[in-house]
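Per-entry structural report
Read off the chains here:
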Amino acid sequence: MSATLSCEDILAVAKLSRLSMDEKLAGDYAKDISKILSMMDILNGVNTDGVEPLANIHASCQTLRQDIPTNNIDRTANQSVAPSVQDGLYLVPQVIE
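A brief look at the structure comes next. Bear in mind that the values here come from a model prediction, so they are computed numbers and not experimental data.

Considerations on helix α2 (residues 23-44)
In this model, α2 (22 residues) spans 31 Å end to end at C-alpha, consistent with the 32 Å of a helix rising 1.5 Å per residue. In this structure, the buried side of α2 is in contact with α1 (7-16).

Here we look at the side chain of Ser-34
With respect to the secondary-structure elements, Ser-34 resides in helix α2. Those residues in contact with Ser-34, other than ones at most four positions away along the chain, are Ala-3, Thr-4 and Leu-5.

Focus on unusual backbone geometry
Of note, the phi angle at Arg-18 is positive, near 60°, even though the residue is not glycine. Looking at the secondary structure, you find Arg-18 in the loop between α1 and α2.

Criteria and cut-off values
- Residues numbered from 1 in each chain as written.
- Predicted model: local features only at pLDDT ≥ 70, side-chain atom pairs only at ≥ 80, totals over all residues.
- Heavy atoms only, no water.
- Helix = DSSP H or I, 4+ residues; strand = E, 2+ residues; numbered from the N terminus.
- Expected span 1.5 Å × (residues − 1).
- Contact = heavy atoms within 4.5 Å.

This is the structure we're talking about:
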């Protein structure tokens, strides 16, 4: 079922969409879209029997930890990598005068 588009098809859609397009660009689009459609034909041929649809990749493979609050923040360790710290606070450059 290899679908191909012609330059005329692209120009007709461009006219309906009220887009200005020359024939060279339409030909390039026709070639590129035809490649995409042929790749879709290849994907349509893949056997997906028994494969459940996946709505979110994270739902199937990401294990989440319990969201339990703790008081184990080590301020000294965290601020040791900061460029500038004073009296336990992070110092940032002034951006508004």
